[in-house]
Amino acid sequence: MVAGRVRSRRRWRRVVRVLEELEEAAATAVGRLRQVVDAMAVEMHAGLASEGGSKLKMLLTFVDNLPNGLSEILVKLDGVGICCIDIQHCAILKINTVSSGVRKEHTMLSILEELFDFIASSLKKFVEEEENISELSQVKRRELGFTFSFPVRQTSVSSGILIKWTKGFAIDDMVGRDVSECLSDAMSRGGLDMRVAVLINDSVGTLALGHYHDEDTVAAVIIGTGTNACYLERADAIIKCQGLLTTSGGMVVNMEWGNFWSSHLPRTSYDTDLDADSPNPNDQGFEKMISGMYLGDIVRRVILRMSQESDIFGPTSSKLFVRFILRTPLMAEMHEDDSPDLRVVAKILRDTLEISDVPLKVRKLVVKICDVVTRRAARLAAAGIVGILKKIGRDGSGGITSTRVKGGSQSKMRRTVVAIEGGLYTGYGMFREYLDEAVREILGEDVAQHVILKVMEDGSGIGAALLAASHSASSVDSVQLL
């Protein structure tokens, strides 16, 4: 009996050591986060200076004016039919309008012509249904806002070349093709009289919607299945495009920050293995550490390692070798399980990983793994956000001026809003709490009180429609490349 207890303690110490090693490798002390902030700002400068100068592509969007309240009024008065198509990072097609909010959802196909014929046919069906209930049926030609959430090198506000697929998508014969042209050809084949007015990604749509609600919005971040960010940059700071003229003096830049990398990022052996097993090794390094597509699989890999080190989970389940079987929403459910006996954890381990009869102390260990992985992801995302603010001088590093008022002094700093969308932030309470906390830690309370993180809903849809309206055929393109 004594020998059995000794063996049991040894097994437990082995798995605890695995957890301690994970915690140490994934540590995100505020000092390290500030190093990530600095690295992000440096890479942004490099990406703006030259093509290929950074892992951050810093792509021009040709969006130089963002909508405000007046923009939506103009949409309503003008009566132009505005539709928007959104290919989301979670393999979903959404078709909607600002006015009705109608949405059709289908699984994304994997062959180029079939994909766009499917989009066009779904769009045609939507338009035919809408014409029966809307005054917009009198409009012959409709303007289209197309949200395409993959890296695109824009050639104008309404066209762009697909650079690569991300988030597990792969349609090889589309890379290097003009995305808008593919859609336009499909609409022609389907007899649809429509024009792509804007081609954007979901972060740009979120920024547009955020700016409509609040003109202090200067950046937008998507933290969901995938992750990306964009922000409003001075045109004269985009050195790689000398001669860029905009009426506003600014330009929205699509960072494609999922590909950010720095030696300061706390990478673990689980990240290295996940990257090596992925379809795109040595690519999208930041995304693989912070986005919803990957967090659950990192947790799975840690549990697998523990199972191989010890028998605390019983015989190693074959399900633990199945990549992405533990989806991030399930991980979040385990992390936020507040039942006294952690019954949600037990159910997910049993139903998803086929691990049964797990003692309570082992279930607590699983919750701790989820916590370590989520906390690191959220805090790194926070560092990325502050990196953007540092680049545009909104992080308080220039100091906060004080003015004397009756009874004391008052600090002055520009109010700054960052629009955030994506289920990882909006639907995962612990992730959001850790991110918000880290932003305050990095900036300090005096500066953080002037920075607002504001949740947006359907920025990729409504934002696309607002931008489509402002860039409709009746508008004059205000962006030129000399």
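For the structure, check the block above.
All residue numbers here refer to positions counted from 1 along the written sequence of the relevant chain. Reporting of local features is limited, given that this is a predicted model, to residues whose pLDDT is at least 70; pairs of side-chain atoms are given and counted only at 80 or more, and all residues count toward the totals for whole chains, interfaces and linings. Excluding hydrogens and water, the side-chain values take into account all heavy atoms of the structure.

A.B. asks: With reference to specific residues and values, describe the overall build of the protein.
C.D. replies: A tally of regular secondary structure across the protein gives 16 helices and 17 strands. Of all 482 residues assigned to the protein, the portion counted as buried reaches 54%. Contact criterion: two residues are considered in contact whenever any of their non-hydrogen atoms come within 4.5 Å of each other. Here the analysis covers contacts within the protein between residues at least 6 apart in sequence; of these, 73% occur between residues at least 24 apart. Accessible surface, the protein as shown: approximately 20700 Å² in total, 49% of it carbon and sulfur. Segments assigned H or I by DSSP are reported as helices when at least four residues long, segments assigned E as strands when at least two residues long, and all are numbered from the N terminus. Only protein chains enter the calculation, and the probe is 1.4 Å; a residue is then buried if its accessible area is under 20% of its type maximum, exposed if over 50%, and partly exposed in between. To measure how exposed things are, a 1.4 Å probe is used in the Shrake-Rupley method; for residues, cover is taken only from the protein chains shown.

A.B. asks: Summarise the nonpolar core; cite the residues concerned and give the values.
C.D. replies: Buried residues of nine kinds, namely Ala, Val, Leu, Ile, Met, Phe, Trp, Tyr and Cys, make up a nonpolar core once their side-chain atoms join them within 4.5 Å. Within the largest apolar cluster, 113 residues are counted, with the highest numbers of intra-cluster contacts made by Tyr231, Met255, Trp257, Ile303, Met306, Phe431 and Leu435. Among the elements that take part in this core, helix H12 (residues 360-391) stands out by supplying 18 residues, more than any other. Not counting residues up to four positions away in its chain, the partners in contact with Met255 are Met40, Met44, Leu56, Lys57, Met58, Asn228, Ala229, Cys230, Tyr231 and Ile388. Formed by 27 residues, the second largest nonpolar core is a distinct cluster that contains Ala120, Val127, Leu162 and Cys182.

A.B. asks: Could you give me a rundown of unusual backbone geometry, with the residues and numbers involved?
C.D. replies: Despite not being glycine, Glu256 has its phi angle at roughly 50°, a positive value. By the secondary structure assignment, Glu256 is in the loop between strand E12 (250-254) and helix H7 (269-277). Judged by relative accessible area, which is 9%, Glu256 ranks as buried.

A.B. asks: Account for the packing of aromatic side chains, with residues named and values stated.
C.D. replies: Any pair of Phe, Tyr and Trp rings, taking the six-membered ring for Trp, is counted once the centres come within 6.5 Å. Such a pair is stacked with planes under 30 degrees apart, edge-to-face with planes over 60 apart, and tilted for the rest. Counted according to the given criterion, the structure contains six aromatic pairs. Between Phe146 and Phe148, the ring centres sit 5.9 Å apart and the planes meet at 65°, which makes this aromatic pair edge-to-face. The exposure classification of Phe146 matches that of Phe148, with both residues buried. Here the aromatic residues Phe146, Phe148 and Phe150 are joined through ring pairs into a cluster of three or more. The rule is short: NZ of Lys or CZ of Arg within 6 Å of the ring centre and within 35 degrees of the ring normal puts a charge over the ring. Across from the ring centre of Trp12, 4.2 Å away, lies the NZ or CZ of Lys361, which sits over that ring. Its end group placed over the ring of Tyr434, Arg375 keeps NZ or CZ at 5.7 Å from the ring centre.

A.B. asks: Describe helix H16 (residues 459-470), naming the residues involved and giving the relevant values.
C.D. replies: In this scheme, a helix's expected span is set at 1.5 Å multiplied by one less than its residue total. Over its 12 residues, H16 extends 15 Å from the first C-alpha to the last, a length consistent with the 16 Å expected when each residue adds 1.5 Å. Within H16, 10 of the 12 residues are buried, leaving the element largely enclosed by the surrounding structure. All of the buried residues along H16 are Gly459, Ser460, Gly461, Gly463, Ala464, Ala465, Leu466, Leu467, Ala468 and Ala469.

A.B. asks: Kindly report on the sheet that holds strand E10 (residues 227-234), identifying the contributing residues and their values.
C.D. replies: Pairing is mixed in the open sheet, where six strands are placed in the order E1-E12-E10-E9-E15-E16. A strand with exactly one partner marks an edge of an open sheet, and here the two such strands are strand E1 (59-60) and strand E16 (451-455). Only when DSSP finds a minimum of two bridges between them are two strands counted as paired. In this sheet, E10 lies alongside strand E9 (residues 217-223) in antiparallel orientation, the contact comprising five bridges. Paired with Val221 across the two strands is Ala229, which belongs to E10.

A.B. asks: Account for H12, naming residues and giving values.
C.D. replies: End to end, H12 covers 47 Å across 32 residues, agreeing with the expected 46 Å (1.5 Å per residue, within 8%). Of all 32 residues making up H12, 26 are buried, and the element is well covered by its neighbours. Backbone geometry just after H12 places Gly393 at a positive phi near 75°.

A.B. asks: Hey, could you go over the pairing of strand E15 (residues 416-421) for me, with residue numbers and the actual values?
C.D. replies: When you tally the buried positions in E15, you get six out of six residues, the bulk of the element. Covered by surrounding structure in E15 are Thr416, Val418 and Ile420 together with Val417, Ala419 and Glu421, the residues of both alternating faces. Relative to E15, E9 is paired through five bridges, and the arrangement is parallel. Paired with Ile222 across the bridge in E15 is Glu421. With five bridges connecting them, E15 and E16 associate as parallel partners.

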